[in-house]
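# Close look at the chain arrangement
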Amino acid sequence: MRRLFDRLLLRLRSLFRGQATDEALRGEIELHLQEEIDALVSRGVSARDARSAALRAFGPRGAIEDACRDTRRVASAEQMAQDLRIAFRSIVRQPTFTAVCTLSIAIAVGVNTMIVGVAADVLFAGPSAAAPDRLISIQVGGGSHTSYPRWRDLEAAGALAGVAGYSIEDAVNWRGPERTLPLVPMIVTPNFFDLLGVPIAMGRGFTAAEARPEANPAVVVVSHGFWRSKLGADRNVVGRSLVINGQSYTIVGVLPDRLRSIPGLGLSPELYLPVSRALVRDLDEPQAAHVQLVGRLRPDQTLPEGRAAFATIASRLAIEYGDTRFGGIAQFEPAGSTSLLGPMASTINAFFAVLVIAVGLVLAIACANVAGLLLARATTRRREMAVRAALGAGRRRLIQQLLAEGFWLALFGTGGGLLLMITLDRMLSRLPLPLPVPLPVHLRAALDGRMLLYALFLTIATTLLCALAPAIQATRPSQLPALKQDDSSFVHRRWTLRRLLVVGQVAVVMVLLAAATIFLRNLAHAQTLNPGFDTTQTLVARIGLVPGRHTHETSRELLESGATEISAIPGVAGASYAWAAPVIGGGRTTGALIPIEGVGQVQALYETNFVGPGFFRTMRVDLVEGREFSADDRRGRPAVAIVNEEFSRRYFGGVNPVGRTIHLPGPNDRAYPATVVGIVGNIKHRSIGEADRAAIYEPYAQRAGAPGTVHVFVLTTREPSQIAATVARILEGMDPSASVNVQPTRQALSSALMPSRVAAALLGALGAVGLSLALVGMFAVVSYSVSRRTPEIGVRIALGATRRNVIALVLREAAVLAGAGAAIGSIAAWGGAAPLAMFLVDGLDPKDPATLAGTALLTVAVSVAAGWGPARRAMRIDPITALRAE
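So, a few notes on the structure that sits alongside this text. Because the structure is predicted, anything quoted here is derived from the model rather than measured.

### With respect to the packing of helix H25 (residues 803-831) against helix H26 (residues 849-866)
With their axes 9 Å apart at the nearest point, H25 and H26 run at an angle of 150 degrees to one another. The angle between H25 and H26 places the two elements in the roughly antiparallel class. Seen along the crossing, H25 lies across H26 with a hand that is right-handed. Residues Leu 811, Ala 814, Ala 815, Ala 818, Gly 819, Ala 822, Ser 826, Ala 829 and Trp 830 of H25 form the contact with H26, whose participating residues are Leu 852, Ala 856, Val 860, Ser 863 and Val 864.

### A look at the packing of aromatic side chains
According to the stated counting rule, one finds 20 aromatic pairs in the structure shown. Ring geometry for Tyr 148 versus Trp 151: centroids 5.2 Å apart, planes at 35 degrees, classification tilted. Highlighted residues: Tyr 148 and Trp 151, both in helix H7 (residues 148-157), separated by three residues, approximately one helical turn. For the pair shown, Tyr 148 and Trp 151 are each scored as buried. Both rings, one in Tyr 606 and one in Phe 647, keep their centres 5.9 Å apart while their planes meet at 85 degrees; by these two values the pair is edge-to-face. Here the residue Tyr 606 occupies a position in strand E16 (residues 600-611), and Phe 647 occupies one in helix H19 (residues 645-651), the gap between them amounting to 41 residues. Each member of the pair, Tyr 606 as well as Phe 647, carries the same accessibility label: buried.

### Re the side chain of Ser 276
With respect to the secondary-structure elements, Ser 276 resides in the loop between strand E10 (271-274) and strand E11 (292-296). The class for Ser 276 is buried, based on a relative accessible area of 0%. With near-sequence residues (within four places) excluded, Ser 276 lies in contact with Pro 213, Pro 217, Tyr 249 and Leu 283.

### Brief notes about the packing of H7 against helix H10 (residues 303-321)
Put simply, H7 and H10 touch, their axes get as near as 10 Å, and they point 135 degrees apart. Our classification of the angle between H7 and H10 gives oblique. The handedness of the crossing between H7 and H10 comes out as right-handed. Across from Arg 150, Asp 153, Leu 154 and Ala 157 in H7, the residues of H10 making contact are Phe 310, Ile 313, Arg 316, Leu 317 and Tyr 321. A breakdown of the residues in the contact of H7 with H10 according to their chemical character gives six nonpolar, no polar and three charged.

### Points about H10
The end-to-end C-alpha distance of H10, which contains 19 residues, comes to 26 Å, matching closely the 27 Å that a straight helix rising 1.5 Å per residue would cover. Among all positions of H10, only Gly 306, Phe 310, Ile 313, Ala 314, Leu 317 and Ala 318 are buried. Angularly, the buried residues of H10 cover 145 degrees about the axis, an arc narrow enough to put them on a single face. Residues Pro 304, Thr 312 and Ile 319 are exposed on H10 and point more than 90 degrees away from its buried face.

Conventions and cut-offs
Residues numbered from 1 in each chain as written. Predicted model: local features only at pLDDT ≥ 70, side-chain atom pairs only at ≥ 80, totals over all residues. Heavy atoms only, no water. Axes fitted to C-alpha atoms, helices over the stretch in contact; angles between N-to-C directions. Helix = DSSP H or I, 4+ residues; strand = E, 2+ residues; numbered from the N terminus. Parallel < 35°, antiparallel > 145°, perpendicular 65-115°, else oblique. Left-handed = near helix turned anticlockwise from the far one by under 90°. Contact = heavy atoms within 4.5 Å. Phe/Tyr/Trp six-rings, centres within 6.5 Å; stacked < 30°, edge-to-face > 60°. Buried < 20%, exposed > 50% of the residue type's maximum accessible area, 1.4 Å probe, protein only. Nonpolar A, V, L, I, M, F, W, Y, C, P; charged D, E, K, R; others polar. Expected span 1.5 Å × (residues − 1). Arc of directions from axis to C-beta.

Structural data, given as structure tokens:
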């Protein structure tokens, strides 16, 4: 054991203190040699002859030193360190070449780590909590939410270490310094902070004892972003008051920066409020669904054991409740699992998959670009490689030397890419997302241990992709011609490795540009679609009413008086109101079995909205037949409804619906009769690109439920933005506790197009980056070809070739490379376009031949243009000078 330890210690010393170890080795060899000399001298041999005899008997000292070094088994590491030192000096001597390669890799690595970092944070990052691996997201019964009383029973049952609940759907109104703003907080159960162990930067989280609904809690924990942007980063913020929904709340704590919430997906609530009857009106209703569940496993409890224990409790409670659905556990997954998102998960995963593939292609382009530059550089180093081989360097050692140069380039590029990622992350953190609702979404790409590990992987992968092929090819040439500096072996071949790399770059760029073009067409097509209502001369105001502050009747009076006052503004042609704003927000999709007079029972699926008098006239929706709602259509009067053309076509079977009675689902699953009084044109409800949906409209004054978020619409005769401030002032003055957001309808609709805008912008930017890198590669290959073909071009000019002939000769090479790449890229883009269909508006084909053809022509044209500089240089070649150099 002692001997083994000594060997290990010797190897470590040899690795990290190689010079000192070599000095000790030489001293030991000299000691043995001197002992032999002394022995010979003692036998009467002269000192000179004794030393000569000892040296002959001892053998070559250099070989002995090498043999002793080999016994340390660190020769490979020493060689690697030596190659890294030589490679560093080599690339430093060529700053322009190093800068171009580093910049190419840095751009590709920067966008790659940025997108991968955001995707990892959104989809895979665990919540910020104590022992997050023990947290479980739970869905019990038939839906994702349960009621507060049922959460209380599940928590008290003790199946797990604890069960907490939260909700992040309902907005509250915060009275800011200048106006009331809507915020979407996380409303949590009293034990939320105690159970989860959420970290706190300042102050504390509220405790279960003080946050009980019975105590009417008025405490709040704010996010770091809210503290910085809304509260001025006040260090004495703990103890300050916030007016939320007209009630004063005391700040007890501030969360740390970059905290990951339980729901994940980049959601970063600005406020954490304890659940209370002031925030949730039907809090004590057993059938209400306000609480999403998150549990914590016991220290000795596995996931299957926890699921079994929780299922047993849920089944027992289901019997007590008389609700058999409650006993079924729909989800019992680690917190942050994307499977909890249901159908939305596939869309989110697909979106990030497209982006990750795109940035992977950009990285491939950059690597191919650098590999082409290394191949060109290797051609000028043929004599150097031949000399190294003649002096005994094996092919493996030569490849290792060239890989070391690639490693330094990859390391510099990756370092620059990480700096670019940090810069992009800071820009993204300051970029507000134009969401139609105030969802607190913050995307980020944290440079943590996982990203550093990923950066290390990129460094290794980039080294191999950039340098391996050039290193293998550079070590193949014959030594003799290289030593003679004989380049006669060079023959202009059409398909060399450099050219194949450029073809691959163009093909990849073609795929990126095709995807970007498809999303740009999707955006343009969506903007030209007719939503069925006016978007140029209308304003939409989103009003967030405080729950419980208004009854149905007072909210109707507020909206009617507001519409009346707004209609008196000069330049206003009309005003109305509705529960939901088409495309922009709100609305409800209903599926029900509806009895229809003269038709029978039909299984209908339709959109529901509650609108005020003059709504269709204000929004310029065509009134096909019948009448609009009037002020007389209110509670206590016969129920009426208006259907759209799609509903009439689907469910009335060609019969005129006006005057007929339909039975609509009401409270407690009790149907009520309503007379159809009109038919209106089809409008878009959920998205601009959707197919026509059936819809039923009912009078707001007659059928609207508890007031919450409502919308006021204004038709103008002048530029809508000119009267937006006046409309906002009128609505804010009617209820200071309400949040009001007024904007032109076309601007509000632009938020609905955000996914298309983001996809088009990202893919367009990635395509532009990839195209720029590919152009550098094309320029380098054509320039190198011109430099190698200078004698040939000189001969051609001497034999009568015109300048036009020379330009055509050079550009033809670029055109062939670009054409081959575009052809391959078109096939790849056509084959991989199908998954993009889920992001496109209805009727837009992702395999559109015109899109692919146009993108291919653009790619070829720009690539050929990259050869114009080398072509002009070739055109100016002097044949006498070229032939004399030959």
